[in-house]
Amino acid sequence: THCSGSSGINAEYGQHYYITNNLSMVSIIEDQANNDNEGMSYESKCALTVPIAKPLATRKLSKKLYKCCKLAIKTKSVRRGTKEVAKALRKGEKGFVIIAGDISPIDVVSHFPVLCEESKVPYVYVPARSDLGAAIGSNTPCSILLIQKGEEYKDKYKECVKGIKELPNIYC
């Protein structure tokens, strides 16, 4: 299933999230002991994404993206973090970009869709930055990745690019 119709705003220090669904406002308090999103369902993670997180990867595509990340990190074909990805895109490096959808403040990643579209690089949002960090074998959550094409995982890479291009793009 694809999450739509919900938007979440993360309070800066408190682990308190507000989800707006239609006209009702529901408050979700994240477990203080489990600061990462390990035990949460895909739908719960989608509910905590920022309003601009579109196109948001489906559950199936998210799993494919994470597997591709695991293979790409072994060959060092990954650019990680806002500074490194922005520099790579400006230099003309190709691949596809994965952006975490639960970033706060939103301004940290809000310029990347425009950069990607100017560079003709496909991009997609995934629900949680903790999952994105775990996919590359890091204990630290990751906000954005640029996955470059590699020979060792070219089939997975093509599947991911095809899946990203099949998602509805709201900006066209």
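For the structure itself, consult the block above.
The rules we used
Residues numbered from 1 in each chain as written. Predicted model: local features only at pLDDT ≥ 70, side-chain atom pairs only at ≥ 80, totals over all residues. Heavy atoms only, no water. Salt bridge = Lys/Arg side-chain N within 4 Å of Asp/Glu carboxyl O. Helix = DSSP H or I, 4+ residues; strand = E, 2+ residues; numbered from the N terminus. Buried < 20%, exposed > 50% of the residue type's maximum accessible area, 1.4 Å probe, protein only. Arc of directions from axis to C-beta. Contact = heavy atoms within 4.5 Å. Phe/Tyr/Trp six-rings, centres within 6.5 Å; stacked < 30°, edge-to-face > 60°.

Colleague: An account of the pattern of salt bridges is requested, with residue identities and associated values reported.
Modeller: With the rule as written, the count across this model stands at six salt bridges. Lys 45 serves as the salt-bridge partner of Asp 131, at 2.6 Å between the closest nitrogen and oxygen. Here the residue Asp 131 occupies a position in helix 5 (residues 129–135), and Lys 45 occupies one in helix 1 (residues 42–47), the gap between them amounting to 86 residues. A residue is classified by how much of its surface remains accessible, and Asp 131, at 16% relative accessible area, is buried.

Colleague: Help me get a handle on unusual backbone geometry, residues and values and all.
Modeller: The omega torsion of the bond from Lys 54 to Pro 55 falls at 5 degrees, within 30 degrees of zero and hence cis. Looking at where Pro 55 falls in the secondary structure, it is placed in the loop between helix 1 and helix 2 (59–74). Here Ser 104 and Pro 105 are connected by a cis peptide whose omega angle stands at 0 degrees. Structurally, Pro 105 can be placed in the loop between strand 5 (96–100) and helix 4 (112–119).

Colleague: Which residues make up helix 4, and what values do they have?
Modeller: All buried positions along helix 4 are accounted for by Phe 112, Pro 113, Leu 115, Cys 116 and Ser 119. When helix 4 is viewed along its axis, its buried side chains cluster within an angular range of 160 degrees and face the same direction. Elements that come into contact with the buried residues of helix 4 comprise helix 3 (82–91), strand 5, strand 6 (123–126) and strand 7 (144–147).

Colleague: If you had to explain the packing of aromatic side chains to someone new, which residues and values would you point to?
Modeller: Think of a pair of aromatic rings as described by two things: how far the centres are apart, and how the planes are tilted against each other in angle. Under the counting rule described, the total for this entry stands at two aromatic pairs. Note on Phe 96 and Tyr 157: the rings are 5.3 Å apart at their centroids and 45 degrees apart in plane angle, and the pair reads as tilted. On the criterion of sequence distance, the pair formed by Phe 96 in strand 5 and Tyr 157 in helix 6 (residues 154–166) is long-range, its members being 61 residues apart. Arranged with centres 6.5 Å apart and planes meeting at 80 degrees, the rings of Tyr 123 and Tyr 125 form a pair that is edge-to-face.

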